[in-house]
Amino acid sequence: MTTTVPTSAVGRTAPTGLRAFVRAQPLGATALLLITVFVLAAVLAPVLAPHDPLEQFRRDILAEPSAQFLLGTDDLGRDVLSRTLYGARTSLLIGVSTTAVSLVLGTAIGVVSGYLGRGVDVVVQRVMDAVQAVPGIVLLLFIAVILGPSARNTVIALTVVITPSFNRIARAETLRIRQEPYVEAARATGAGLPRIMARHVLPNLFAPVLTLGSLIFAGVIIAESALSFLGIGAPPPTPSWGLMLSEGVRYVTRAPWLIIVPSVLLSLAVFSFNLLGDALRDHLDPRLQRPVGEASGRVWGRKRIPTGLAPSLAKAAEDEPDSR
Amino acid sequence: MPSPPLLEVDDLQVRFPTPAGPIDAVSGVSFSVSPGETVAVVGESGSGKSVSALAVLGLLGAGRVAGGSVRFRGEELVGAAPDRLRRLRGADIAMIFQNPMSSLDPLFTVGDQVAEALREHRRTPRRTAKARAVELLREVGLPDPERRVRSYPHELSGGQQQRVMIAIGLACEPALLICDEPTTALDVTVEAQILDLLRRVQRDHGTALLFITHDMGVVSELADRVLVMYAGRVVEHGSVAEVLGAPGNPYTRALIDSIPTPATPRDVPMPAIAGSVPHASDMPSGCRFHPRCPRVHDRCATEPPLHDIGPGRASRCWLHAAGTAGSTVAGVRGVG
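Residues numbered from 1 in each chain as written. Chains lettered and ligands numbered in written order. Predicted model: local features only at pLDDT ≥ 70, side-chain atom pairs only at ≥ 80, totals over all residues. Heavy atoms only, no water.

Chemist: Can you explain the overall build of chain B? Please cite residues and give values.
Modeler: Scanning chain B from terminus to terminus reveals 11 helices and 12 strands. The C-alpha atoms of chain B give 21 Å as radius of gyration, which agrees with the globular expectation for 336 residues (20 Å, within 12%). Across its three principal directions, the C-alpha atoms of chain B cover 70 × 50 × 45 Å. Relative to its full complement of 336 residues, chain B shows a buried share of 57%. The long-range share in chain B, meaning contacts at least 24 apart out of those at least 6 apart in sequence, stands at 65%. As displayed, chain B has an accessible area near 13,400 Å², and 53% of this comes from carbon and sulfur atoms. One way to put it: in chain B the 35 positive side-chain charges average out to a point 3 Å from where the 37 negative ones average out. (Helix = DSSP H or I, 4+ residues; strand = E, 2+ residues; numbered from the N terminus. Rg over C-alpha atoms; globule rule 2.2 N^0.38 Å. Buried < 20%, exposed > 50% of the residue type's maximum accessible area, 1.4 Å probe, protein only. Contact = heavy atoms within 4.5 Å. Areas by Shrake-Rupley, 256 points an atom, 1.4 Å probe, with all protein chains shown as cover. Lys, Arg positive; Asp, Glu negative; His and termini not counted. Charge placed at Lys NZ, Arg CZ, Asp CG, Glu CD.)

Structure, rendered in structure tokens:
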């Protein structure tokens, strides 16, 4: 018996990277596009913004959207569009950097703690428990008050609060993965601790950590707005979406655009990051591959098999009698 | 055995901590494997077969070797430096496991995983390792290895996955390959192919096999010598022809009688050993098999030693003791 798998089904090299991702994950690609737009808007805010975000047009307080103020003005007569563009800087910067730093930190702590176990694990996890035992907002207030209000200190405060969440997930996954037969098999082939961590533990806990990351990102942006609202986040008048939201709430009946604009963008940003997180998770798992195109043999490469046909085809190539 | 043994396990005792105190999963187990030889270890689930094998590699996890010795090419492995053991594993002693699907990392191509062993032990450059992986996959009979080398584990059938595991095991040409029920998760036809493959590998490379199984059919097909384990102890060992042909121990006899044959009557219950293997925390006193033994008698209240009942052959039963008639279990000669 020779293999019955059509050549197209398995094992050809194919484009990897962005192109493959766009083809396999249209939703994720859309999310990526949106995020790119947000980032560009933030970076190019000085170019794109029609007005200075801090400039007050005293005669146009709470002005409706018009040709001069495309998205209206706020209670101090500041241009909402300009503030939104500049606000993207603060919100995205704080959201992305906090999520990224606590993801890396929390995962590292969780993996090491979970894999080494015993004393190290007990000590590390009790410290994490202690951090999590304090209500998040109290801890945030405490750190923010000590460090003083600034965007950087907001990131530090939020990182301290969020890191234990990543630690939990990473540790739990590590405890599961270290029991997996493939880790035992790797040990039986003489793989040492660093190799097992890098090759087997980390890649296999990537999916849940990434998913948590996309959820946490939303929480961070919202937490940042809460901190700004309490006057200990990025200090006013620095524009941030959260700050705009909390200020705009007071005028919701007279000037609804004040909260519609930042909340729609906030929702879109959060939604995009969630979609991107999901798409990345699916994309990086060879078991969850979609039909289009061809396959590559790289670790993070794509392997695609016609859906539905895939299992039957692959298994159809049953074991051949020994060819000697 | 004419040549000095490759692996010598002597009076091995493996202890696991439990909330109720330490228990011995394996005690007083001794055996040896000579170069190029196939030794099968049989027994029911929970008899300590796998634990003994893992102890050889120092992969016990929570358990530890509480006594005895494991010597590989004369080198003591019990208490050896972890790094020394790590360098032996995969390079000189390789192991393949029961469930090939979960023993392969789902995120990496099979080629990657075969190459990993080479890169770990031989510092083989990436390209060379890839090429060698293709060769190894061809050797274990994976069809179209140039293409399959880039397949992920889930794209292969169980038999193909086990072939990949064997390729990983063979990557560094180990002197000893430990197979922990490598065919239990596979279809019978695939099982036959895998056994064929192992036989061929052994012939071509002179690899010694330590083969753990609960299938007497596999033992008779593959092994030179067999070790029968029950409840953490060796109850009988000897050449396959002798042990299967004329079992000395009532337990071995009962195992062989449990194999259904076309002649097994259909209208009566299948022959089986009543009860199950006692848990290590609740070991019966005396002979560990006596609660289930059809030939239990007064002396079974104390544990019997291994009695030599022939050249290279021993059985743990009072029936062989002086004053007891017959050196094999009376009335049950003849092949099962």
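Still more ground to cover, so stick around.
Chemist: Kindly report on the overall build of chain A, identifying the contributing residues and their values.
Modeler: A count of helices and strands for chain A gives 12 helices and 0 strands. Counting every position in chain A, which comprises 324 residues, the buried fraction comes to 50%. Contacts in chain A between residues at least 24 apart in sequence constitute 70% of all its contacts with a sequence separation of at least 6. Accessible surface for chain A amounts to roughly 14,900 Å². Of this, 69% is attributable to carbon and sulfur atoms.

Chemist: Mind laying out the packing of helix α4 (residues 80-116) of chain A against helix α11 (residues 257-284) of chain A, listing which residues take part and the relevant values?
Modeler: All names here are of chain A. It is at 11 Å that the axes of α4 and α11 come closest, and there the two elements cross at 35°. Seen along the crossing, α4 lies across α11 with a hand that is right-handed. Touching V80, T84 and V96 of α4 are W257, L258, V261, L265 and F273, all from α11. Residues of the contact of α4 with α11, tallied by class, amount to 7 nonpolar, 1 polar and no charged. (Axes fitted to C-alpha atoms, helices over the stretch in contact; angles between N-to-C directions. Left-handed = near helix turned anticlockwise from the far one by under 90°. Nonpolar A, V, L, I, M, F, W, Y, C, P; charged D, E, K, R; others polar.)

Chemist: Break down the nonpolar core for me, with residues and values.
Modeler: In this structure, L7, F72, V164, L176, I178, L198 and L210 of chain B are the most contacted members of the largest nonpolar core, which totals 80 residues. The residues contacting L176 of chain B, other than those within four sequence positions of it, are L6, L7, V33, F72, D92, I93, A94, T207, A208, L209 and L210 of chain B. Within the second largest apolar cluster, 29 residues are counted, among which are V111, L139, I162 and I216 of chain A. (Core = buried A, V, L, I, M, F, W, Y, C linked by side-chain atoms within 4.5 Å.)

Chemist: Can you tell me about the environment of V264 of chain A, naming the residues and giving the values?
Modeler: All names here are of chain A. Counting through the fold element by element, V264 comes out in helix α11. Overall, the relative accessible area of 44% leaves V264 in the partly exposed class. Along the backbone, V264 and S113 are 151 residues apart, and their C-alpha atoms lie at a distance of 40 Å.

Chemist: So what about the state of the cysteines? Which residues, and what values?
Modeler: Residue and element names in this part refer to chain B. Scanning the model with the defined rule gives 0 disulfides over all chains in all. No disulfide involves C293; its sulfur sits 6.1 Å from that of C300, the nearest cysteine. No disulfide involves C300; its sulfur sits 5.6 Å from that of C287, the nearest cysteine. (Disulfide = S-S within 2.5 Å.)

Chemist: Describe the environment of I143 of chain A, listing the residues and the values that go with them.
Modeler: Residues and elements named next belong to chain A. Within the fold, I143 resides in helix α6 (residues 136-147). Judged by its relative accessible area of 12%, I143 falls in the buried class. A C-alpha to C-alpha distance of 18 Å links I143 and G219, two positions 76 residues apart in sequence. Once residues within four sequence positions are removed from consideration, I143 is found in contact with A157 and V160.

Chemist: Talk me through the packing of helix α5 (residues 118-133) of chain A against helix α7 (residues 151-177) of chain A; I want residue IDs and the actual numbers.
Modeler: Residues and elements named next belong to chain A. Running from N to C, α5 and α7 cross one another at 135°; their axes reach a closest spacing of 9 Å. It follows from the interaxial angle that α5 and α7 lie oblique. The interaxial crossing formed by α5 with α7 has left-handed handedness. Along its contact with α5, which presents D121, Q125, M128, D129, V131 and Q132, the element α7 presents V160, P164, S165, N167, R168 and R171. Per-class residue counts for the contact of α5 with α7 are 4 nonpolar, 4 polar and 4 charged. (Parallel < 35°, antiparallel > 145°, perpendicular 65-115°, else oblique.)

Chemist: Tell me about the UniProt feature "transmembrane region" (unreviewed entry) in chain A, and please be specific about residues and values.
Modeler: Following the UniProt record, one finds the feature "transmembrane region" (unreviewed entry) at residues 27-49, 92-116, 136-162, 205-235 and 255-277 of chain A. The straight-line gap between the two end C-alpha atoms of residues 27-49 of chain A is 29 Å; of that span, 91% is helix and 0% is strand. (UniProt positions renumbered as here; feature names shortened; annotations may be inferred.)

Chemist: Any chance you could break down the side chain of S240 of chain A for me, citing the residues and the numbers?
Modeler: All names here are of chain A. Mapped onto the fold, S240 is located in the loop between α9 (193-229) and α10 (241-248). Accessibility expressed as a relative area gives 0% for S240, which makes it buried. Filtering out sequence-adjacent residues up to four positions away, S240 remains in contact with G87, T90, S91, E224 and S228.

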